[in-house]
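# Descriptive analysis of the structure
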Amino acid sequence: MAAVITTPRQKTGWGTANFVVIALALIPVLWMVSLSFKTPTAVLDPSFIPKSWTWSNYTQILKTSQFIRPLINSIGIGLISTFIAVALASMAAYAVARLAFPGKGVLIGMSLLIAVFPQIALITPMFSIERSLHLFNTWPGLVIPYVAFGLPLGIYTLSAFFREIPWELEKAAKVDGATPLQAFMKVIAPLAAPGMVTTAILVFLFCWNEFLFAISFTSTTASRTAPASIAYFSGSSQFTVPTGPIAAAAVVITIPIIIFVVFFQRRIVSGLTSGAVKG
Amino acid sequence: MAEIVLDNVTKRYPDGSLAVDKISLDIADGEFVILVGPSGCGKSTTLNMIAGLEDITEGELRIGGRVVNNKAPKDRDIAMVFQSYALYPHMTVRENMGFALKLAKTPQSVITEKVEEAARILDLTQHLDRKPANLSGGQRQRVAMGRAIVRDPQVFLMDEPLSNLDAKLRVQTRTSVSRLQRRLGTTMVYVTHDQTEAMTLGDRLAVMRSGLLQQAGTPKELYDRPVNLFVAGFIGSPAMNFMGATLEESSLRTKIGDLPISPSLRQALEKANVGRQVIIGLRPEDFEDAAIVPAENRGFGVTFRVTVDVLESVGSDVFAYFAEESDLSAHSDQLADLAADSGAADTAGSEETVTARLDAATTLREGQEADLWVDLRPMHVFDPESGRNLALEATAGAAAS
């Protein structure tokens with residue numbers, strides 16, 4: 001650490017700065033929570049804490065299949081995409097981190113290219129492809145693009161983790177009689193587990209939050225995911241904006257994210273490799 | 001148990017660099033062979049090729065009579081101890097040691113029995129259920145050894161297994177490695193850059209430099225009859241002293257005086273046709289305080305006068321250091337390599353320090369002129385170009401005739 005904060009002045013300064021940043025990040029979230037508990041008539045009420053609390057927004061969205069079904073779609077599509085992406089990415093990342101093979105530079109370059117490619121540019125061609133392959137408005141229709149865009153993220157994160165695992169462990173496993181697959185499954189993968197969990201969380205969050213593909217490649221609740229479904233919420237009449245239900249739905253889809261971070265934070269940080277080498 | 005034969009084994013990397021150049025070495029069943037040399041000499045690469053962790057570019061490797069060039073490590077029946085120990089951090093000591101047996105589908109009862117026996121030998125019984133992270137350096141090293149011995153392999157390979165231990169523990173562990181090898185009687189190939197470790201442990205040493213095997217032999221052979229400058233300078237501590245010399249009619253002219261040479265050596269030098277400039281090598285123990293050399297020995301050497309710069313007494317011996325103008329490493333790449341290995345290249349100027357090991361009875365004082373005597377019988381004479389030991393050829397010639 002270069003600078004250690006010691007003086008009271010520094011403490012106050014940094015404390016204020018931290019408070020401002022946290023407030024900026026949290027106030028909209030809290031505002032959303034507040035809105036979700038307000039009655040439809042109180043939506044325009046500027047008070048931060050609702051004057052009268054109601055669960056009606058929640059009961060309304062959880063009663064209809066307009067939101068429940070997309071929630072199931074989100075969970076299903078997210079888990080499947082994450083599983084496939086992490087399984088493929090761990091193998092690819094292992095190769096990138098460990099092996100010298102022709103085309104390695106191209107592979108890394110391509111995956112970076114995919115990661116930074118503007119997704120909006122792909123919507124029209126992908127829409128045509130999905131239509132002709134009968135993937136439009138199906139789970140695979142979203143799983144495939146999610147895996148494609150989750151892979152670069154996974155390869156980058158995981159190869160960093162694999163690089164930190166001492167190569168000698170793998171040599172030791174080989175000498176101990178392991179096939180390359182056994183060495184990977186029994187020695188490397190358990191050590192890379194924190195990395196895989198981290199990657200899985202990142203990929204899942206990407207799938208969970210994704211909106212553009214979800215709204216473009218779905219037409220019914222058969223495959224529409226939760227974020228996309230919110231766009232289709234309607235008020236009690238065509239003249240009312242469904243602000244309360246939207247806020248409630250937003251809170252519902254935020255909860256898993258908070259749970260993930262709270263549960264896995266330590267797992268992400270903990271390193272399993274200590275003791276593998278001297279020190 | 002098996003013998004290992006390296007037959008012109010070569011390792012060339014895809015970028016064309018040559019790591020190991022046509023090494024040929026026969027390692028007998030049950031023998032303890034040390035591959036020794038400075039870093040980058042190819043000794044670890046050679047070990048990795050024996051293990052099957054690196055491909056062999058050319059040549060043939062046979063273990064127990066079978067060619068194993070294209071066999072995976074798991075099919076070679078070898079066990080290896082790594083410099084970093086490479087213990088599996090997510091497994092307990094017990095699981096670490098039993099991992100190979102588990103992969104070989106050995107029944108659990110046999111695994112337990114073998115692991116516990118190895119733990120007993122290595123004094124690890126009370127640590128069996130701990131993770132490597134909770135062990136000390138010495139304990140981790142023993143677990144690594146245990147992982148190798150539970151398997152009863154045909155061959156043990158060790159890649160600098162002691163270099164991560166502190167000096168005191170290293171000496172203790174060295175003895176236990178030696179005892180373990182005798183007890184098991186398994187062929188062992190051991191890599192180290194430390195010549196003291198190599199000399200004390202091995203039945204036989206193979207000295208390597210820049211991918212080439214320089215000489216293989218027992219510690220005594222290498223010490224007494226080094227084939228070239230590099231081996232002569234690498235083996236022995238303190239190292240052999242080298243001085244430039246000019247060949248005269250019946251002597252070698254050096255900074256410490258004219259050294260008479262025997263007719264057979266003279267003949268060998270002429271036959272070698274290396275010119276008049278040579279390098280002589282004298283071990284520190286060949287020197288003695290002239291005052292305490294027994295009269296009957298005096299004739300085997302010469303007495304010369306120098307100013308002793310530094311005297312170090314270690315109780316049993318006294319080390320005397322004196323400087324000599326020289327720029328030998330500029331003339332021989334083997335000496336330059338040695339200097340780089342010992343770190344002398346960074347410190348030495350144009351002066352070469354000569355080390356003499358004297359009897360503790362000496363009365364010499366620092367900074368004073370003194371008469372030293374040097375025994376010329378074990379003197380080595382090297383060709384500065386090729387580094388060849390020409391004295392060796394003289395004695396070989398004398399023995400043949």
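Here the structure is a predicted model, which is why all the values come from computation and not from measurement.

All right, on to the overall build of chain B then. The number of helices and strands found in chain B is 13 helices and 21 strands. Taken along its principal axes, the extent of the C-alpha atoms in chain B is 75 × 45 × 40 Å. Residues classed as buried in chain B amount to 43% of the 401 residues present. Residue pairs in contact within chain B that sit at least 24 positions apart in sequence constitute 71% of those at least 6 positions apart.

The subject of this paragraph is the sheet that holds strand β5 (residues 66-67) of chain B. Residue and element names in this part refer to chain B. The four strands are arranged β2-β1-β4-β5 in an open sheet whose pairing can be described as antiparallel. A strand with exactly one partner marks an edge of an open sheet, and here the two such strands are β2 (18-27) and β5. In this sheet, strand β4 (residues 58-63) lies alongside strand β1 (residues 4-12) in antiparallel orientation, the contact comprising five bridges. Bridged to Ile4 within β4 is Ile63.

It is worth spelling out the interface of chain B and chain A at this point. On the side of chain A, 22 residues touch chain B, which itself brings 23 residues to the contact. Every element with two or more residues in the side of chain B that touches chain A is listed here: β6 (78-81) and α2 (93-103) of chain B. For the side of chain B that touches chain A, the class distribution of residues is 17 nonpolar, four polar and two charged.

All right, on to helix α8 (residues 180-209) of chain A then. With 30 residues, α8(A) ought to run about 44 Å at 1.5 Å a step, yet its terminal C-alpha atoms sit only 37 Å apart, falling short of that. The largest bend in α8(A) comes to about 55°, at A:Ala193, with the proline A:Pro194 one to four residues further on.

All right, on to unusual backbone geometry then. All names here are of chain B. The omega angle of the peptide bond from Ser237 to Pro238 is -5°, so this bond is cis rather than trans. Mapped onto the fold, Pro238 is located in the loop between α8 (229-234) and β11 (241-247). Although it is not a glycine, Lys22 sits at a positive phi angle of roughly 45°. Secondary-structure assignment places Lys22 in strand β2. On the basis of neighbour count, Lys22 is assigned to the partly exposed category, with 15 C-beta atoms found within 10 Å. Phi angles above zero are rare outside glycine, and Glu160 is one such case at about 45°. For Glu160, the location among the structural elements is in the loop between β7 (155-159) and α5 (167-184). Overall, Glu160 belongs to the partly exposed group, with 19 C-beta atoms counted inside 10 Å.

The next subject is the nonpolar core. Residues B:Ile34, B:Met80, B:Leu157, B:Val189, B:Ala206, B:Val207 and B:Val381 are the most contacted members of the largest nonpolar core, which totals 148 residues. Apart from residues lying up to four places away in sequence, B:Ala206 is in contact with B:Leu25, B:Val33, B:Ile34, B:Leu35, B:Leu213 and B:Ala216. Residues A:Leu35, A:Ile61, A:Ala247 and A:Ala248 belong to the second largest nonpolar core, which totals eight residues.

Here chain B shows a mean pLDDT of 88. Residues at 70 or above account for 95%. As a predicted assembly, this complex carries a pTM of 0.77 together with an ipTM value of 0.78.

Another point: the environment of B:Thr307. All names here are of chain B. On the secondary structure map, Thr307 appears in strand β16 (residues 301-307). The exposed category is assigned to Thr307, around which 11 C-beta atoms lie within 10 Å. Between the C-alpha atom of Thr307 and that of Glu369, which follows or precedes it by 62 residues, the distance is 4.2 Å. Those residues in contact with Thr307 that sit more than four places away from it in its chain are Phe322, Gly367 and Glu369.

All right, on to the environment of A:Leu26 then. Residue and element names in this part refer to chain A. Structurally, Leu26 can be placed in helix α1 (residues 8-36). Given 10 C-beta atoms within 10 Å, Leu26 falls into the exposed group. In this structure, the C-alpha to C-alpha distance between Leu26 and Ala226, residues 200 residues apart in sequence, is 22 Å.

It is worth spelling out the sheet that holds strand β15 (residues 287-289) of chain B at this point. The strands making up a sheet associate through hydrogen bonds between their backbones, and the pairing can be parallel or antiparallel. Residue and element names in this part refer to chain B. Spatially, the three strands line up as an open sheet ordered β15-β20-β16, and their pairing is antiparallel. Each edge of the open sheet carries a strand with a single partner, namely β15 and β16. Taking each pair of neighbouring strands and ignoring which way they run, the sheet shows an average axis angle of 35°. Here β15 runs beside strand β20 (residues 369-375); their pairing, made up of three bridges, is antiparallel. Looking at β20, one finds that Phe287 is bridged to Val374.

The subject of this paragraph is the packing of helix α7 (residues 167-175) of chain A against α8(A). Residue and element names in this part refer to chain A. Interhelical geometry of α7 versus α8 gives an angle of 135° and a closest axis separation of 10 Å. The orientation of α7 relative to α8 falls into the category oblique. Relative to α8, α7 is oriented so that their crossing is right-handed. Mapping the contact onto sequence places Leu169, Glu170, Ala173 and Lys174 in α7 and Ala183, Val187 and Ile188 in α8. Looking at the contact of α7 with α8 residue by residue, the class counts come to five nonpolar, no polar and two charged.

So, how was this worked out
- Residues numbered from 1 in each chain as written.
- Chains lettered and ligands numbered in written order.
- Predicted model: local features only at pLDDT ≥ 70, side-chain atom pairs only at ≥ 80, totals over all residues.
- Helix = DSSP H or I, 4+ residues; strand = E, 2+ residues; numbered from the N terminus.
- Buried ≥ 20, exposed ≤ 12 C-beta atoms within 10 Å, placed from the backbone.
- Contact = placed C-beta atoms within 7 Å.
- Pairing = 2+ DSSP bridges.
- Nonpolar A, V, L, I, M, F, W, Y, C, P; charged D, E, K, R; others polar.
- Expected span 1.5 Å × (residues − 1).
- Bend = angle between axes of the 7 residues up to and from the residue.
- Core = buried A, V, L, I, M, F, W, Y, C linked by C-beta atoms within 7 Å.
- pLDDT = per-residue confidence, 0-100.
- Axes fitted to C-alpha atoms, helices over the stretch in contact; angles between N-to-C directions.
- Parallel < 35°, antiparallel > 145°, perpendicular 65-115°, else oblique.
- Left-handed = near helix turned anticlockwise from the far one by under 90°.

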